[in-house]
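Chain and residue survey
So the chains spell out like this:
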Amino acid sequence: MRGRFRDRESLGEVPEPEILPMMNILFMLVMVLMGMSAFLPIGVISIQAPQLSGAGAPVADSRPELNLTIMILKTGFNLSVAGSMLKCEDGPLFPKIQKDSQLVYNFAALRAKLTEIKAQYPQDKRIILMADPNTIYEDITRVMDAARPMFDEVAFVPGMIQ
Amino acid sequence: MMRRIRRRAQDKPYVVSLTSLMDIVTNILVYTIKIFAVSPIVVQDPSVELPKSSSQKDAEESVVVMVTGMRRQVNETPTIVVDGREVERLDPKTYRVPESAKNNGYVINKLKQELLSIKANQKESAGLIKGSGFTGHVVIVADRYTPYRVLVDVLVTCGDAGFGNFEFAVIKQEA
């Protein structure tokens, strides 16, 4: 044994460290971590607690309360601004539109209207969401996206629109 | 000359250099660990498909309430899961929480019990571990087809159990 090392030293060879077992461990760790992670960048949207009593009591302030409420109906969107409804007589304010042979919500029109409202009420950041019970979570997320960053405080109302 | 080189190559055993491969593996390992460090919420359940959103806010460590298996996997019963534990099954036909499982029309009894238990544990740990304690923070991880009615039931229940800081989990997408 000693003789072998002496032979190597005499030949001028530098002994290499055994990295193969460490490689095995690292490779297994990579495999385990890759298997556990979905590799999807997960983010969050902050929301406020649902109010069982509705939109809330009026605050003593000279400025008119916006109380912007977005109603997600089966057929489109309705808006309520400062206590008055903006809906059309014959249907929702922003009805669903035809896209790829499917009826979809008009998020662009909603965003344009919210931008317009924000110009009139620059201090307000809050929206209240009401929806049809069957409205899917994806559409709710897209409504919140349309309102961001003008209105980034979202409150849910448990009351359903039938 | 050529004969001498060939003989030298035959004498010396061929050694594979693993150093470069080791570098690659270490880099992949660091990258995967970094992803874990950035996102404390990992959604592995195939029955949960998160919606995409322009929100760029990062998720934080908190209690996770998951609503699984809506619409796409018809044979699978949709469930409400808290930190990996199933607490309630939804009606697979209507995709709603059964009325018998609720109180006051909104509060899901079993979910509330589980959340109260977590709250008690968090308060208990506050005295033992520095920096821990009850934060009232909850992240709702729901499938993109989850109906509004179920979401509201979950939110009202969380609020009733004292968890007032809600967040919805989404997949980050550039605006």
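Residues numbered from 1 in each chain as written. Chains lettered and ligands numbered in written order. Predicted model: local features only at pLDDT ≥ 70, side-chain atom pairs only at ≥ 80, totals over all residues. Heavy atoms only, no water.

1. Topic: helix α3 (residues 109-128) of chain B
Between the first and last C-alpha of α3 of chain B there are 29 Å, a value that for 20 residues agrees with the 28 Å anticipated at 1.5 Å per step. Looking at the buried side of α3 of chain B, the elements it contacts are β2 (63-67), β3 (79-82), β4 (85-89), β6 (107-108) and α4 (148-160) of chain B. (Helix = DSSP H or I, 4+ residues; strand = E, 2+ residues; numbered from the N terminus. Expected span 1.5 Å × (residues − 1). Contact = heavy atoms within 4.5 Å.)

2. A few points about the side chain of H137 of chain B
Residue and element names in this part refer to chain B. Topologically, H137 is positioned in strand β7 (residues 137-142). H137 gets classed as buried once you look at its relative accessible area, which sits at 10%. Within the local environment of H137, its side chain forms a polar contact with the side chain of S62, the two groups lying 3.4 Å apart. If sequence neighbours within four positions are ignored, H137 has contacts with E60, E61, S62, V63, F163, N165 and E167. (Buried < 20%, exposed > 50% of the residue type's maximum accessible area, 1.4 Å probe, protein only. Polar contact = N/O pair within 3.5 Å; in protein donor to acceptor, adjacent residues only side chain to side chain.)

3. Side note on the pattern of salt bridges
This structure, assessed with the given rule, holds twelve salt bridges over all chains. Linking E138 of chain A and R144 of chain B is a salt bridge whose minimum nitrogen-to-oxygen distance equals 2.9 Å. Residue E138 of chain A is found in helix α4 (residues 137-147), and its partner R144 of chain B is found in the loop between β7 and α4; the two belong to separate chains. On the basis of relative accessible area, R144 of chain B is assigned to the buried category, the value being 17%. Across the pair R149 of chain B and D153 of chain B runs a salt bridge, and its minimum N-O distance is 3.0 Å. (Salt bridge = Lys/Arg side-chain N within 4 Å of Asp/Glu carboxyl O.)

4. Considerations on the interface of chain A and chain B
If you look at the interface, chain A gives 47 residues, while chain B gives 50 residues. For the pair chain A and chain B, the summed buried surface comes to about 4300 Å²; carbon and sulfur atoms form 72% of the total. When the area that chain A buries against chain B is broken down by residue, the three leading residues are I42, V44 and Y137 of chain A, summing to 20%. Viewed at the interface, chain B and chain A are joined by one salt bridge. Summed over the shared surface of chain A and chain B, the result is 20 residue pairs in polar contact (both at pLDDT 80 or more). Listed by contribution, the elements that provide at least two residues to the side of chain A that touches chain B are α2 (20-36), β1 (42-48), β8 (126-131), α4 and β9 (153-160) of chain A. Split into classes, the residues belonging to the side of chain A that touches chain B amount to 34 nonpolar, nine polar and four charged. (Buried area = accessible area lost by both parts, 1.4 Å probe. Nonpolar A, V, L, I, M, F, W, Y, C, P; charged D, E, K, R; others polar.)

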